[in-house]
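If you want the building blocks of each chain, they are given just below.
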Amino acid sequence: MPKKKVISVEPETPFHTFSVDQVAEHYSTNTLEGLTAEEATSRLKIYGVNELQGNGGVKWYKVLWRQIANALVVILIIATILSFATKDFAEGGVILFIIIMNAGIGFWQEYNAEQTMEALRNMSSPTAKVIRDETRVTIPNNQAVPGDIMIFEDGDVIGADCRLFEVFNLETDEALLTGESLPVQKNLEHIDHAEQALGDRLNMVFASTTVVKGRAKGIVTTTGMKTQIGKIATTLMEVDTNEATPLQKRLNKMAYFIFLAAIILVVIVFGVHKFKYSNEVAIYAISVAIAIIPEGLVAVVTLTMAFGVRRMAEVKAIVRRLSSLESLGAVTNICSDKTGTLTQSRMVAVRMWLPSDGFYRITGTGFIPEGDIFRQGENEGDEFLMQEEQVPTGSGSDHYLRALEAASLCNMAELRRTAHPESNGEWSAIGDPTEIALQVLAYKAGLAKPDLIDQGFKLIAEFPFDSSVKRMSVLYQGPNTEEGPGDYFIFLKGATERVIGCCTYWRDGDIERSLVGEKGTERATFEEMMTEKMDLLAEKGLRVLTLAYRRFDPPPGVDLVHGLDRTHIEADMVFLGLVGIYDPPRAESRPAVLKCYDAGIRVHMLTGDHPSTAAAIAKEVAIIPEDCVVKDNPLIMTARQFDAMSDEDVDRLTELPRVVARCSPNTKVKMIAALHRRNLFATMTGDGVNDSPSLKAANVGIAMGQSGSDVAKQAADIVLTDDNFATIVQAVAEGRRMFANIQKFVQHLMSANAAEIVVLIVGLAFKDDDHNAVFPMSAVQILFLNMVTSSPPAMGLGLEPASETNMHEPPRSATQGLFSFEIIMDTIVYGTIMGGLSFASFLITLFVFNKGRMGHECNRAYSDSCYGVFRARATAYASLTFLILAHAINCRALRDPGWTPKNLATLKYNKMLWISLVVGVLLVFPVIYIPGLNHNVFKHSAISYEWGLVIAATVLFILCAELYKFIKRRTMKPLAIQSNAAMELERMRTYMSQTDSMDVIKQ
């Protein structure tokens, strides 16, 4: 059928009164195939992006105001006014230029950073699952358009207003729109009244409401500001990126201390001059105040944070809260899910066990429903391949066929062969990976769900999978017969211990044997047999699911769709068998776990799988040693064991379990609380709605971008776009790199400021012929050193690659501030050495080469009497310039030698740093030698033989710095930890051999 022209939609079109066919025709869409990618792109241009307006994005004038409204600029403006007032137009012009340049650089960097965060905020906003080109795809929610076929599942935040056409137990929370606190149960019934109240439009779902239960599909009717939520101009999905991070708070405190110190230094300058005001004294006081304030600090921090966020996005980790970027470097424990995070989430059913038939082996991989099924009997294992027999498609014992009916029908996954010409008929799947594996198995057996539906099976009711009960059930009516309507069947699947508790019978061929017999031992005997088979599967690393069914006689007068009680439905079930599903570990998981051990980070696996399955995968990825046993092992616990322990009992454990099987959301919260009581810093992964409490409780909550619900993503600090454990480790490494770099450039900037203060304060002791202080450096020199010489290398230090020991050092303490004792000590030592060497150059030039002539009014202008002072100033300025640039190389490592050939060779990997060093050296020469610029602006003169002093000062500084680092290496505790993965695994083996913790668990 040819596509109709898309009709523009008015905001008040009453789609709830339209039939599904009318809506589909209205938008020229197909409920099975969805829109094509080309059509969706075209409609996006017509309807615009699906987002609410009003947040305004990044305001350039607010960013610009932040550059101007700060203490630094106020001081510089005062200096400018004083310069112009004293008719020193050259100096005033330079300071004014510095103000404009500082504001310009800060504005450019912060505006770009804000735009980056705005883009990342869009990336971290909820996604939408739609059908396009006959394939289910996940798109950014703002790319949804009217006519899209949207899929909703438990925990999703609905991305647009939609007319429903397929519903299974769907309930939504619409309190945001209607104020109704209870979930609203949706249906497909037609509504006649266009003015129907919003809360009664049960065949519609609305943007920004949340799916509480069930699943559904709908046709997008309105997007953006035309949705119901758009009409009231609000959203649930805003991310606060304006919060002050811990780093920003620490920098704010530092700014207050620096401002206070600047005031004290100004008082000292005036005190030395007996508080007699003059323009020269005022300018000198302002110069001292300027010297102590690191003008480039805010710009460097902004650049480093923006770069860190971008780097994280490149490794597929979207930062939703900047504070988490800083926190990652302090992580001591990672609590990770298994499925899809440590494993590939490409599940395939490879084994099956039925009590009457024994084991079955299934071949084939992936979504392609191609493969064979072989019956092995009780001889399970690859060594018995010669004794197995192939089961023809569509045949087998009645027990076998009933079990596969359960796998096929108690299943919401869909398999499709794409008809798109470019896809070559490839198979695609929609749904949970576990259910997809079961559906592929049913296809291989010739019992595909669509075929069973065509035969007459009709879905009546569904009780979806719930993490609290770990099972799912459906009610079907079988095909009609000549005698009348078909029988009703209940099919159940889930975790073995949760399903077996619902069973009172087990299927033995064509016989249903009771588990509640006269002897009272029938259940125990059967469960012992079943557990033995389940352990055989689990020890191979297979995830084991249990299938059950029963016939159902509907009670008279009961609404079978909405009036059934789940507890009653899932009682008196008949056990059918076990299915073993394999989900291979990701290739990068084991190296990532080993890297965590090298970094002093411990890894915990919290999974819903059977203990043996969890342990098998944990061994493969090195979370536990390969030779450890599952039984009576304090490193491996079930959620039932862990949850049964009191907080006191948990705290008595020498070590918390590395593997927790059959884990529930509450178990995750308890694990985080236990880690916090040990003063450990934990990150937790999660994907479900019920994971939100643990994600919020963790120091860093990490949600899965592909499999995670929107509710989980909103609760998380970081969202992984690839659901990969290795990405978490990369994020931790990036967090460590960023914090280390911030310490490097803060030390560099503050050391330079300390050196300037040393020069200026000591210089107060020297008077000219008029008994005025002689400035060892002019205000313009100080500003030039701070803004042009010091800031660019500091930016380069902020972009430093991670050091070789980055992931071989212990996690920093979460309470450790930016200024550790070592950083403060380094700042004082390096600042004193640089300031002392620079002032020594000034003194030697003035007193040795120029006989100590102080001149007359040398702070104001050049004269013949100021010849020596001006040359001394140039020498001090050149010396401090070279020292600051040399110190940038020195700051690349806190303790390791900075001037080794190996370290210097790595400069090529930091283009920003080496370019800033080269430019910094080259700029010294025009500043010193250009006539007019040197005398009138910088207040110094050209030099010649004094370059020997500059070179000597630089060499002496390098020698002193290397000696200081050598002393630190000998006297201070090593930064790198003396442990590795092998030592950590051996430590776990030692712990397993101890009985104390196991006694606590058993008690």
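Residues numbered from 1 in each chain as written. Predicted model: local features only at pLDDT ≥ 70, side-chain atom pairs only at ≥ 80, totals over all residues. Heavy atoms only, no water.

## Things to note about a nonpolar patch on the surface
Line of reasoning, step 1. Residues Trp60, Tyr61, Leu64, Trp65 and Ile68 make up a contiguous nonpolar surface patch of roughly 550 Å² in combined accessible area.
Line of reasoning, step 2. Examined against the element boundaries, isoleucine 68 turns out to sit in helix α3 (residues 60–68). (Patch = residues over 30% accessible without salt bridge, like charges linked within 9 Å, V, L, I, M, F, W, Y side chains within 5 Å. Areas by Shrake-Rupley, 256 points an atom, 1.4 Å probe, with all protein chains shown as cover. Salt bridge = Lys/Arg side-chain N within 4 Å of Asp/Glu carboxyl O. Helix = DSSP H or I, 4+ residues; strand = E, 2+ residues; numbered from the N terminus.)

## Quick look at the confidence of the model for the chain
Line of reasoning, step 1. Here the chain averages 83 in pLDDT, while 86% of its residues score no lower than 70.
Line of reasoning, step 2. Across the chain, element-level confidence peaks in helix α12 (residues 398–409) with a mean pLDDT of 95 and bottoms out in helix α34 (residues 996–1002) with 52.
Line of reasoning, step 3. Within the model, pLDDT remains below 50 along residues 1–11, and this stretch shows 17 contacts once partners closer than five positions in the same chain are excluded.
Line of reasoning, step 4. Contacts of residues 233–243 to residues separated by more than four positions or lying in other chains number 21 contacts, the stretch itself having pLDDT below 50. (pLDDT = per-residue confidence, 0-100. Contact = heavy atoms within 4.5 Å.)

## Considering the UniProt feature "transmembrane region" (unreviewed entry) in the chain
Line of reasoning, step 1. The residues that UniProt annotates with the feature "transmembrane region" (unreviewed entry) are residues 68–86, 92–111, 255–275, 281–307, 745–766, 828–849, 912–930 and 942–964.
Line of reasoning, step 2. Here residues 745–766 runs as 82% helix and 0% strand, with 33 Å between its end C-alpha atoms.
Line of reasoning, step 3. When the span residues 942–964 is considered, its composition is 78% helix and 0% strand, and the gap between its end C-alpha atoms is 34 Å. (UniProt positions renumbered as here; feature names shortened; annotations may be inferred.)

## Some remarks on the pairing of strand β27 (residues 700–704)
Line of reasoning, step 1. Of all five residues in β27, five are buried; the element is thus mostly enclosed.
Line of reasoning, step 2. The side-chain alternation of β27 yields two buried faces, one formed by Val700, Ile702 and Met704 and the other by Gly701 and Ala703.
Line of reasoning, step 3. Alignment of β27 against strand β28 (residues 718–720), held across three bridges, turns out to be parallel. Opposite isoleucine 702, over in β28, you have isoleucine 718 as the bridge partner. (Buried < 20%, exposed > 50% of the residue type's maximum accessible area, 1.4 Å probe, protein only. Pairing = 2+ DSSP bridges.)

## Some details on the packing of helix α25 (residues 725–762) against helix α28 (residues 867–890)
Line of reasoning, step 1. Two elements in contact, α25 and α28, have axes whose closest approach is 10 Å; the angle formed by their N-to-C orientations is 155°. Put simply, α25 runs roughly antiparallel to α28. Pair α25 / α28 crosses with right-handed handedness. Residues Gln747, His748, Ser751, Ala752, Ala755 and Glu756 of α25 form the contact with α28, whose participating residues are Leu880, Ile884, His887 and Ala888.
Line of reasoning, step 2. For the contact of α25 with α28, a count of residues per class yields five nonpolar, four polar and one charged. (Axes fitted to C-alpha atoms, helices over the stretch in contact; angles between N-to-C directions. Parallel < 35°, antiparallel > 145°, perpendicular 65-115°, else oblique. Left-handed = near helix turned anticlockwise from the far one by under 90°. Nonpolar A, V, L, I, M, F, W, Y, C, P; charged D, E, K, R; others polar.)

## Here we look at α12
Residues separated by three or four positions in an α-helix point in the same direction, a consequence of the helix having 3.6 residues per turn.
Line of reasoning, step 1. Over its 12 residues, α12 extends 16 Å from the first C-alpha to the last, a length consistent with the 16 Å expected when each residue adds 1.5 Å.
Line of reasoning, step 2. For α12, the buried fraction is high: 10 of the 12 residues fall into the buried class.
Line of reasoning, step 3. Listed in full, the buried residues belonging to α12 are His399, Tyr400, Arg402, Ala403, Leu404, Glu405, Ala406, Ala407, Ser408 and Leu409. (Expected span 1.5 Å × (residues − 1).)

## Notes on helix α26 (residues 779–798)
Line of reasoning, step 1. When the terminal C-alpha atoms of α26 are compared, their 27 Å separation across 20 residues agrees well with the 28 Å that a helix rising 1.5 Å per residue should span.
Line of reasoning, step 2. Where α26 bends most, at serine 790, the angle is about 40°, and the proline proline 792 comes one to four residues later.
Line of reasoning, step 3. Of all 20 residues in α26, 18 are buried; the element is thus mostly enclosed. (Bend = angle between axes of the 7 residues up to and from the residue.)

## Some thoughts on the sheet that holds strand β8 (residues 317–319)
Line of reasoning, step 1. Read from one edge of the open sheet, eight strands run β8-β28-β27-β26-β9-β23-β25-β24, paired in mixed fashion. Strand pairing shows two members of the sheet lacking a second neighbour, β8 and β24 (636–638), which therefore form its edges. Taking the axes of each pair of neighbouring strands and ignoring which way they run, one obtains an average angle of 20° across the sheet.
Line of reasoning, step 2. The strands that α25 touches are β8, β9 (333–336), β23 (602–606), β26 (682–686), β27 and β28; relative to β9, the one it contacts most, it runs at about 155°.

## Observations concerning the pattern of salt bridges
Line of reasoning, step 1. Counted by the stated rule, this structure contains 36 salt bridges.
Line of reasoning, step 2. Two residues, glutamate 405 and arginine 402, come together in a salt bridge whose shortest N-O distance is 2.7 Å. Of this pair, glutamate 405 and arginine 402 both sit in helix α12, three residues apart, roughly one helical turn.
Line of reasoning, step 3. Owing to a relative accessible area of 13%, glutamate 405 belongs among the buried residues under this scheme.
Line of reasoning, step 4. Arginine 662 is paired through a salt bridge with glutamate 497; the nearest N and O atoms lie 2.5 Å apart. Residue arginine 662 is found in the loop between β25 (659–661) and α22 (665–677), and its partner glutamate 497 is found in helix α15 (residues 496–500); the two are separated by 165 residues along the sequence.
Line of reasoning, step 5. The class for arginine 662 is buried, based on a relative accessible area of 10%.

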